[in-house]
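Residues per chain, in single letters:
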Amino acid sequence: MDVTIDNFEQILPEIKQKIEECSFCSIDCELTGITQYKNLNSFDTPRIRYEKIKNNDTNFLILQFGLCLFKYNVDDKSYETNAYNCYLFPRSVNCKYTRDMSFSCLNSSLEFLIDQNFDFNKVFKKGISFVSKDQEEIMRHKLELDMEEKSVPKSTLYPSKKEELHKQIDTLMAEIDEFVQNENETRKEIKFTEFVLRIFIEKNIRQKYQKRLKYENKFLENKERLMIVTKVDSQDIKTDLEDFEKEIGFSKLIWFLSQSQKLIIGHNMMTDIMQILRQFFTSPLPENFEDFKSMTHSLFPKILDTKYMASLPPLKELILNTTLGDMDKILSKDPFPSVKIG
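Residues numbered from 1 in each chain as written. Predicted model: local features only at pLDDT ≥ 70, side-chain atom pairs only at ≥ 80, totals over all residues. Heavy atoms only, no water.

### Considerations on the overall build of the protein
In step 1: Scanning the protein for helices and strands turns up 13 helices and 9 strands.
In step 2: C-alpha extents for the protein along the principal axes are approximately 90 × 50 × 35 Å.
In step 3: Relative to its 342 residues, the protein shows a buried fraction of 38%.
In step 4: Of the roughly 20,900 Å² of accessible surface on the protein, 51% is carried by carbon and sulfur atoms.
In step 5: With 49 positive and 55 negative side-chain charges, the protein shows a separation of 2 Å between the mean positions of the two kinds. (Helix = DSSP H or I, 4+ residues; strand = E, 2+ residues; numbered from the N terminus. Buried < 20%, exposed > 50% of the residue type's maximum accessible area, 1.4 Å probe, protein only. Areas by Shrake-Rupley, 256 points an atom, 1.4 Å probe, with all protein chains shown as cover. Lys, Arg positive; Asp, Glu negative; His and termini not counted. Charge placed at Lys NZ, Arg CZ, Asp CG, Glu CD.)

### Quick notes on helix H9 (residues 251-260)
Helical geometry: 3.6 residues make up each α-helical turn, so side chains three or four residues apart lie on a common side.
In step 1: Across the 10 residues of H9, 8 count as buried, placing the element largely inside the fold.
In step 2: Within the sequence span of H9, burial applies to Ser 251, Lys 252, Leu 253, Ile 254, Trp 255, Phe 256, Leu 257 and Ser 258.
In step 3: Trailing H9 by a residue or two, Gln 261 shows a phi angle of about 55°, which is positive.

### Concerning the state of the cysteines
Two cysteines form a disulfide when their sulfur atoms are joined by a covalent bond.
In step 1: What the rule picks out here adds up to 0 disulfides.
In step 2: In this structure Cys 25 is not part of a disulfide, and its nearest cysteine sulfur, from Cys 22, lies 5.3 Å away.
In step 3: There is no disulfide at Cys 29, and the cysteine sulfur nearest it, in Cys 86, is 10 Å away. (Disulfide = S-S within 2.5 Å.)

### Here's the deal with the packing of aromatic side chains
Between two aromatic rings, the relevant description is the distance of the centres plus the angle of the planes.
In step 1: What the rule picks out here adds up to 17 aromatic pairs.
In step 2: Measuring from centroid to centroid gives 5.7 Å for Phe 130 and Phe 280, while their planes differ by 75°, and the two rings are edge-to-face. One end of the pair, Phe 130, is in the loop between helix H4 (120-126) and helix H5 (133-151); the other, Phe 280, is in helix H10 (residues 270-280), and 150 residues separate them in sequence. Each member of the pair Phe 130 and Phe 280 is classed as buried.
In step 3: In textbook terms, an aromatic cluster arises when at least three aromatic residues are bridged by ring pairs, as seen for Tyr 87, Phe 89, Phe 103, Phe 118, Phe 120 and Phe 124.
In step 4: A cation over an aromatic ring shows up here: Lys 133 above the ring of Trp 255, its NZ or CZ 4.1 Å from the ring centre.
In step 5: Over the ring of Phe 200 we find Lys 203, and its NZ or CZ is 4.7 Å from the ring centre. (Phe/Tyr/Trp six-rings, centres within 6.5 Å; stacked < 30°, edge-to-face > 60°. Lys NZ or Arg CZ within 6 Å of the ring centre and 35° of its normal.)

### Some thoughts on the pattern of salt bridges
In step 1: Tallying each qualifying case throughout the model produces 16 salt bridges.
In step 2: When the shortest N-O distance is used, the salt bridge between Lys 52 and Asp 44 registers 3.1 Å. (Salt bridge = Lys/Arg side-chain N within 4 Å of Asp/Glu carboxyl O.)

### Points about the nonpolar core
In step 1: Among the nonpolar cores identified, the biggest contains 48 residues, and Phe 65, Leu 67, Leu 88, Phe 250, Ile 276, Phe 280 and Phe 281 are the most heavily contacted of them.
In step 2: If you look at the next biggest cluster of nonpolar residues, it comprises 17 residues, including Met 173, Phe 192, Tyr 209 and Met 227. (Core = buried A, V, L, I, M, F, W, Y, C linked by side-chain atoms within 4.5 Å.)

### Remarks on the pairing of strand E2 (residues 24-31)
In step 1: Burial runs high along E2: 7 of the 8 residues are buried.
In step 2: Note: E2 against strand E3 (residues 62-73), 8 bridges, orientation antiparallel. Its bridge partner being in E3, Glu 30 is matched across the sheet by Gln 64.
In step 3: Inspection of the sheet shows E2 paired to strand E8 (residues 264-266) by 2 bridges, in the parallel sense. (Pairing = 2+ DSSP bridges.)

### So, helix H8 (residues 240-248)
In step 1: Within H8, the full set of buried residues consists of Asp 240, Asp 243, Phe 244, Glu 247 and Ile 248. The buried side chains of H8 occupy one side of the element, clustering within an arc of 145° when seen end-on.
In step 2: One or two positions beyond H8, positive phi appears at Gly 249, with a value near 55°. (Arc of directions from axis to C-beta.)

### Here we look at the side chain of Thr 32
In step 1: Among the secondary structure elements, Thr 32 is positioned in the loop between E2 and helix H2 (46-56).
In step 2: Within the local environment of Thr 32, its side chain forms a polar contact with the backbone oxygen of Ser 104, the two atoms lying 2.7 Å apart.
In step 3: Setting aside anything within four residues of it in sequence, one finds Thr 32 in contact with Phe 60, Leu 61, Leu 63, Phe 103, Ser 104, Cys 105, Leu 106, Ser 109 and Leu 110. (Polar contact = N/O pair within 3.5 Å; in protein donor to acceptor, adjacent residues only side chain to side chain. Contact = heavy atoms within 4.5 Å.)

Printed below as a string of structure tokens:
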């Protein structure tokens, strides 16, 4: 199933439930670039490979996160699967909290994705937003301070050089207060001939009622302005917190997957894991390889890399090539048992 900004919030509870019920899950990421193999060596130690990837992949992005959940059925000894292709893209238009993000691409990586018929239009137009855990904590703290400040009653705003308008502002705001309290009224009209008066009524409405009221201005024939004030249905009011949660986007799923502590299986996972930590948890990554291992273990305590397993005895003698395609062919034959997928 393709998961985009159009259906992510609706399908998120289902994915979370499937994660809780699954026996294990597998992941695979499509990135805008990876460390070129000419820079890597088969004799590299994990520490050296980590340093090479960390220093070269700082600005690449995960564009698609593939998640497949496997649930074992004891009765017929088969696995039920649920697969999700999640398209990701950092969003800034119409976003209040996230900001523009620059990222890098490798032409060879994009050419590979093109050869696989990857849908770039879906990524750029429908990709789900995300933030790192570091960013989320900073943004949430700022939002809480803003919400606390907004909850404090504010004094009525007046123009400093037009004291003759103060009484009119008080009168009109009292009328608007009465309109808000009257459940039978849904619309109020106010005529203005004074520009400054209209501007300060708008300021006071925004300050006092925020999203509970909306207004529009129309020109009348006699050069007056007509302000039409209407109430917003409480079900249609999106709070700042709701807007914030929406912008967190896909990160909510990754954090839930981490908290579930389910077994995560992948192939040649080091780059994927490093990018997941950088994109959804913290950036930059730790300088020290041991610190990276500790962080990874604390967030994803159960990781199984099939390429690494295939390079160790006793599988090493049976699997001569650890590329994913070759392994699929080898594992589908004897002496490996077949696995039933329901």
